[in-house]
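Per-entry structural report
Spelled out from the first residue to the last, the chains are:
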Amino acid sequence: MTALSTSDDRNLPYDLVGIGIGPFNLSLAALADGVPGFRSLFLDAKPAFSWHPGLLMEGTTLQVPFLADLVTMADPTSPWSYLNYLRSHDRMFKFFFSERFHIPRREYDHYCRWVAERLPSCRFDAEVTALEWDEKADAFAVVHRSASGAETRVLARQVVLGVGTNPVVPEPLRPLLTDAHAGRVLHSADYRTYRARLAATDDVTVIGAGQSGAEVALDLLRHQDGDGQGGPYVRWLARTTAFAPMEYSKIGLEHFTPDYIRYFRELPEVTRERLVREQWQLYKGVSQETLGEIYDELYERTIGGGEPRATLQPGVEIVAAKADGKGYLLTCRPQQQDSLFEVRTSAVVSATGYTASRPSFLESMGDLVDWDDRGRYQIDGEYRVALDPRVSGSLYVQNAEMHTHGVGAPDLTLGAWRAATILNATAGRDVLPVAPRQAFTTFGAPQSPTSAPPATAVPDGAAATSSGTPR
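Note that residues are indexed from 1 along each chain, following the sequence as it is written. Restriction of local features to residues with pLDDT of at least 70 applies here, the model being predicted, together with a cutoff of 80 or more for giving and counting side-chain atom pairs; totals for whole chains, interfaces and linings are based on all residues. As a rule here, side-chain values cover all heavy atoms of the structure and leave hydrogens and water aside.

**A closer look at the overall build of the protein**
Applicable threshold: Where helices and strands are cited, they refer to DSSP runs of H or I of at least four residues and of E of at least two residues respectively, numbered from the N terminus. The buried label applies to any residue whose accessible area, calculated with a 1.4 Å probe on protein chains only, is under 20% of its type's maximum; exposed applies above 50%, and partly exposed to all values in between. All accessible areas in this document rest on Shrake-Rupley with a 1.4 Å probe, and a residue is counted as covered only by the protein chains that are shown. His is not counted, nor are the chain ends, whereas Lys and Arg count as positive and Asp and Glu as negative. Every charge is mapped onto a representative atom, which is NZ of Lys, CZ of Arg, CG of Asp or CD of Glu.
Along its length, the protein carries 13 helices and 19 strands. Looking at the 471 residues of the protein, the share that counts as buried comes to 49%. Carbon and sulfur atoms form 51% of the exposed surface of the protein, whose accessible area is close to 23800 Å². Of the charged side chains in the protein, 46 are positive and 58 negative, and the gap between their average positions amounts to 1 Å.

Right, here's the structure in full:
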């Protein structure tokens, strides 16, 4: 076994160690940078920062405005803002004249890498292999390993998990996720890796009605020739009842505020579970622009009497899948009809989202975490995980709390606010102010119920409406 490093880091506890450096923990690292007397370290197994590399196609944009960067919604004066990134690259005028509110996804990835490479607290090529509670040190022990195999043990008074989420694939497709089918049956997370191969395939079936599914379908349509005759036949299937746009009204977006989180947290668990299912258009819909671009591509194919080499079919569930000659046979069930039909296709891209999972390094802490009856974290208002009373330190999570905090958990809009909330909790003081109210909408009963307004007097002989006011 590789000997552990005996560096000073190992002996002096950090105030906070973050495990995983995606946008959310990177936000926390950026906000913590320079806080007097606060020592933090952030670890990630990857050699460098990367954010959904399989979906960084040209022309794709964030679904949130550029102000939802790593820091601005909590600290607009931070040197780690997107605007300062533009200034550092001499691109302020170019950005100004481009009049962009939603920036390219590739640029957001580059901005995050710019921050990660400059923050001294971020350490890549550092795979966390163990997390334990050290009673003697009264701190968490975090063991991480470099690519060379060298292991280092550091202590932390508090730990925040930002390990991201894992791709989800429908159960019938899982047996086909093997090396024998690589590049032909895949999750959209790997789309860019196999993009050229898929574009040269005869027939590609895309599954999933979210933004990723729409972008993959659109990209494949654009790989067809101008007359639609070359390139792959594109089939877009989804279990949802419609290819629906993302809820993007100004009032609707107030579901991504601290106000809604506070309301959601107080609801009974059964109500929270139902709401997350019902609110799918808040976080699983497609931007109207992308839907419009798909329609325009299909419309172009009809010029001169042509027909699109494409099928768009919502309300369909994949119930079985198997290899069939050079391709695959999918058995499909329309959810609103009592019937089955089959589809033969050369390749399948499953754009079916992601889910939080329990990291393997947490196994040694398993008995000290107070899991709920479904094996999920129980999380308080400051994103602190419920632990055994023997643990005096605190464990926090980011983007693993949709069941307790609602649909804003994976959304970048709330990233800086959540990071500021965690930073204040871990520092034991208000490093950054967190505004108490942000929404015009009142969610649930008012905090301080007001009395009914006084009745309006009705003049003698005047008729009154049912509300008691004169007509």
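**Focus on the sheet that holds strand β2 (residues 16-19)**
To keep things clear, this is the line we draw: At least two DSSP bridges between two strands are required for those strands to pair. Only heavy atoms enter the contact rule, under which two residues are in contact if any of them lie within 4.5 Å. Fitting a line to C-alpha atoms yields each axis, with helices limited to the stretch in contact; the angle taken between N-to-C directions then spans 0 to 180 degrees.
The sheet built from five strands is open, its strands ordered β4-β3-β2-β8-β19 with parallel pairing. The sheet is open, and its two edges are formed by β4 (122-123) and β19 (394-397), each paired on a single side. In the sheet, β2 pairs with strand β8 (residues 158-161) via three bridges, with the strands oriented parallel. The residue bridging Gly18 from the neighbouring strand is Val160, located in β8. Packing against the sheet, helix α2 (residues 23-32) makes contact with β2, β3 (40-43), β4 and β8, and its axis sits at approximately 155 degrees to β3.

**Section: a nonpolar patch on the surface**
Basically, it comes down to this: Here the term patch refers to residues with relative accessible area over 30% and no salt bridge, with like charges joined within 9 Å and nonpolar side chains (Val, Leu, Ile, Met, Phe, Trp, Tyr) within 5 Å. The salt bridge definition used is simple: a Lys or Arg side-chain nitrogen within 4 Å of an Asp or Glu carboxyl oxygen.
Taken together, the side chains of Leu83, Met92, Phe93, Phe96 and Phe97 make up a nonpolar region of the molecular surface, amounting to roughly 590 Å² of accessible area. With four residues, helix α4 (residues 92-98) is the single largest residue contributor to the nonpolar patch. Along the chain, Leu83 turns up in helix α3 (residues 82-88).

**A few points about unusual backbone geometry**
With a phi close to 55 degrees, Asp90 is a non-glycine residue in the positive phi region. Overall, the relative accessible area of 65% leaves Asp90 in the exposed class. At Asp125, a position not held by glycine, the phi torsion is positive, near 55 degrees.

**Describing the pattern of salt bridges**
Following the criterion strictly, the structure yields 27 salt bridges and no others. Notably, a salt bridge pairs Asp109 with Arg113, separated by 3.1 Å at the nearest N-O pair. Of the two residues, Asp109 and Arg113 are both situated in helix α5 (residues 105-118); the distance of four residues between them amounts to about one turn of the helix. Residue Asp109 is classed as buried on the basis of its relative accessible area, which comes to 6%. Judged by its relative accessible area of 28%, Arg113 is partly exposed.

**Digging into the packing of aromatic side chains**
Condition: For Phe, Tyr and Trp, rings pair up if their centres lie within 6.5 Å, where Trp contributes its six-membered ring, and each pair is then called stacked (planes under 30 degrees apart), edge-to-face (over 60) or tilted (otherwise). A ring has a charge above it when a Lys NZ or an Arg CZ is no more than 6 Å from the ring centre and no more than 35 degrees off the ring normal.
Taken as a whole and judged by the stated rule, the model has 21 aromatic pairs. Measuring from centroid to centroid gives 5.8 Å for Phe66 and Tyr82, while their planes differ by 45 degrees, and the two rings are tilted. Residue Phe66 is located in the loop between β3 and α3, and its partner Tyr82 is located in helix α3; the two are separated by 16 residues in the primary sequence. Grouping residues by exposure puts Phe66 and Tyr82 together as buried. With centroids separated by 5.9 Å and ring planes inclined at 90 degrees, the aromatic side chains of Tyr82 and Tyr111 adopt a geometry described as edge-to-face. Residue Tyr82 is located in helix α3, and its partner Tyr111 is located in helix α5; the two are separated by 29 residues in the primary sequence. One aromatic cluster in this structure is built from Trp51, Phe66, Trp80, Tyr82, Tyr85, Phe95, Phe101, Tyr108, Tyr111 and Trp114. Here the basic side chain of Arg39 rests over the ring of Tyr14, its NZ or CZ set 4.1 Å away from the ring centre. In this structure, Arg418 is placed above the aromatic ring of Phe24, and the distance from its NZ or CZ to the ring centre is 4.3 Å.

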